[in-house]
Amino acid sequence: MSGTDYAADTWAFTIDNPDDDVFAAGVAIVITIPIKNPPLVQEIEDDWEFYIKTETATDGTDYPTDLNDVEESIQPPTTGLTTTTIKSTTGISGSITGSLDGIGVSGATYQFSFKTTNPIPVEGIMVLTVPSGVTVVDNDVSDYTVTCSSGCTNAASASISYSAAYRQVTISDAFSSYTASSTTVTISVTGWTNPDDSESYDFTIDTFAYISDTKYGIETFTDMSIAASEGICYVQDIYVTDGDTRVYASPESYTIQAWCNHAIETTYGLKVVFPDDYIVKD
Amino acid sequence: MTDLSATDAGVVDLDILITMGFNLLGTPFVKTVDTSDFICTTYFEGNVVDTVSISDGTTITVNKPTASTEMSVSLFEGTTGATGTDMTITYTTQQAFNLLSWIYIMVPKANALYDTGNNADSAQSFITDATKNDMTFSIDGTTFDIDTS
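Presented here is a report on the structure given in the accompanying data block. Residue positions within a chain follow its written sequence, with the count starting from 1. Here the convention is simple: chains get letters from A, ligands get numbers from 1, in the order in which they are written. A pLDDT threshold of at least 70 governs which residues receive local features in this predicted model, and a stricter bar of 80 or more applies before side-chain atom pairs are shown or counted, although totals over entire chains, interfaces and linings include all residues. With hydrogens and water set aside, each side-chain value is computed from the structure's full complement of heavy atoms.

## Side note on the overall build of chain B
Threshold: Secondary structure is summarised from DSSP: a helix means a run of H or I of at least four residues, a strand means a run of E of at least two, and numbering begins at the N terminus for each. Only protein chains enter the calculation, and the probe is 1.4 Å; a residue is then buried if its accessible area is under 20% of its type maximum, exposed if over 50%, and partly exposed in between. By definition, residues are in contact when any of their heavy atoms lie within 4.5 Å.
Counting its regular elements, chain B contains one helix and nine strands. Start at the N end of chain B and walk to the C end: the helices and strands fall as β-β-β-β-β-β-β-α-β-β. Counting across all 149 residues of chain B, residues that qualify as buried make up 29%. Pairs at least 24 apart in sequence give 33% of the contacts found in chain B among residues at least 6 apart.

## Observations concerning the overall build of chain A
Where we set the bar: The size measure is the radius of gyration over C-alpha atoms, and the globule rule it meets is 2.2 Å times the number of residues to the 0.38 power. For every accessible area listed, the method is Shrake-Rupley and the probe measures 1.4 Å; residues are considered covered only by the protein chains on display. His is not counted, nor are the chain ends, whereas Lys and Arg count as positive and Asp and Glu as negative. We put the charge of a Lys on NZ, of an Arg on CZ, of an Asp on CG and of a Glu on CD.
A count of helices and strands for chain A gives zero helices and 16 strands. For a compact globule of 282 residues, the expected C-alpha radius of gyration is about 19 Å, and chain A comes in at 33 Å, more than 25% above that figure. Dimensions of chain A along its principal axes, counting C-alpha atoms only, are 120 × 40 × 30 Å. Per-residue burial for chain A yields a buried fraction of 39% across its 282 residues. Pairs at least 24 apart in sequence give 68% of the contacts found in chain A among residues at least 6 apart. When the accessible surface of chain A is totalled, it reaches about 14500 Å², and 47% of it is carbon and sulfur. Both charge centroids of chain A, one from 9 positive and one from 41 negative side chains, sit 16 Å from each other.

## Section: the pattern of salt bridges
Put simply, the test is: Whenever a carboxyl oxygen of Asp or Glu lies within 4 Å of a side-chain nitrogen of Lys or Arg, that contact is scored as a salt bridge.
A full pass over the atoms with the stated rule returns one salt bridge over all chains. Of the charged contacts in the structure, one is a salt bridge between Arg246(A) and Asp244(A), with a shortest N-O distance of 2.9 Å.

## Digging into the packing of aromatic side chains
Applied cut-off: Here is the rule: rings of Phe, Tyr and Trp (six-membered ring for Trp) pair when centre to centre is within 6.5 Å. Planes less than 30 degrees apart are stacked, more than 60 are edge-to-face, and the remainder are tilted.
A full pass over the atoms with the stated rule returns 14 aromatic pairs over all chains. With 4.6 Å between their ring centres and 25 degrees between their planes, Phe50(A) and Tyr91(B) make a pair best called stacked. With one member in each of two chains, Phe50(A) in strand S3 (residues 49-55) and Tyr91(B) in strand S6 (residues 83-92) form a pair that bridges those chains. The two residues Phe50(A) and Tyr91(B) agree in class, both being buried. Each ring, one from Tyr254(A) and one from Tyr278(A), has its centre 6.2 Å from the other, and the planes form 80 degrees; the classification is edge-to-face. Of the two residues, Tyr254(A) is situated in strand S16 (residues 254-260) and Tyr278(A) in the segment after S16; the sequence distance between them amounts to 24 residues.

## Here's the deal with the sheet that holds strand S9 (residues 145-150) of chain A
Residues and elements named next belong to chain A. We count it as follows: Strands qualify as paired when DSSP identifies two bridges or more between them. Lines fitted to the C-alpha atoms define the axes, with helices restricted to the stretch that makes contact. Angles between their N-to-C directions range from 0 to 180 degrees.
Strand order in the open sheet made by the four strands is S6-S7-S12-S9, with antiparallel pairing throughout. Of all strands in the sheet, those with a lone pairing partner are strand S6 (93-97) and S9, marking the two edges. Neighbour to neighbour, the strand axes of the sheet diverge by 20 degrees on average, direction disregarded.

## Points about the sheet that holds strand S13 (residues 200-211) of chain A
Residues and elements named next belong to chain A. One open sheet holds the six strands; their spatial order is S5-S14-S13-S8-S11-S10, and the pairing between them is mixed. The sheet is open, and its two borders are formed by strand S5 (87-90) and strand S10 (159-163), each paired with just one other strand. For this sheet the average axis-to-axis angle between neighbouring strands, irrespective of direction, equals 20 degrees.

## Observations concerning unusual backbone geometry
All names here are of chain A. A positive phi angle, close to 50 degrees, is found at Arg167, a residue other than glycine. By the secondary structure assignment, Arg167 is in the loop between S10 and strand S11 (168-172). At Asp223, a position not held by glycine, the phi torsion is positive, near 60 degrees. Inspection of the secondary structure assignment puts Asp223 in strand S14 (residues 214-227). Given a relative accessible area of 45%, Asp223 falls into the partly exposed group.

Next up, the structure:
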């Protein structure tokens, strides 16, 4: 995908010179202009020029209609004409939605939301970096799905790729038109495996303009965290299986009925703690 | 100087080639001057003897100098999309700068810069109409107000 070439912007002005000063050649003109930085880290090349014209008919204060060339600059060196730092913004939220939020549970849906400060062009892509605690199933994009439920103007046609080395999901072609600043973008991923503990894991999303096989950074969204839940199980009933409830009886088994608010994985264990009045034999 | 006193006045018919040096300031802009605009007048003891206009159709063209001086643009600093930073453009004049001088600056609206509004097809100019009005200008260390009217 290549970027769009836009026309240069030329603007003119003169100065308020009440004393009709005349400055000889060879003096320095210095113009300082407050600007808004470019929205992405990209060198600004070409189309810089400085030139001076002289009025031949008017009085020097009204916008002249009859100007004649006097001199022009040569192109300045453009190397390094770039914004140096990608803007960093705290994301709105990260969460595990639905009931598959337990520790180590597979197939959960993670949802991330952020609001743009810098706009995203049609050439924009999003790169989601996955923390090491989350298992990306088989590193294969066919094993999970990524959807954009808001903020993407071309969500249905978006495509994804995954870099196992960098643990990064790249979402391309999600924008069919310019996306303004202050747009809330929401992305969901379904199919990964939750962390093996209840610690909080931070995800980041970077937006880039992807032009001619080069990524130009726009904005980084941080602190979108998810945490797997320890969950809760309730003992609903417990009884001696064969009904022998005599003192010092030694029944062979107890039956326990429990309800858990999360899925039970095959890797889970079960621990039963009896009250102190019971003598648990080896 | 040639002494003409011994010649017979009235029959003198000389081709005179006069080469003189003038300390002139050229026209302040590109202009083509017809040589007929130059007038040569001869005097004798304060009285005009003859006035001659050169009208052979030749012209003198005053050109702008070959571009030789770079404009300089300061580095952008800070973060993408940030406001409150300054861009500084410097240039050393090659010609006199006076009351009639106008400055033109061409800046790129190029590549993937884009508008911060809702116009998807517009490139972003990081120098907006608003920021133009806030710029400062100095020449040879003297600061002047900008007049964009």
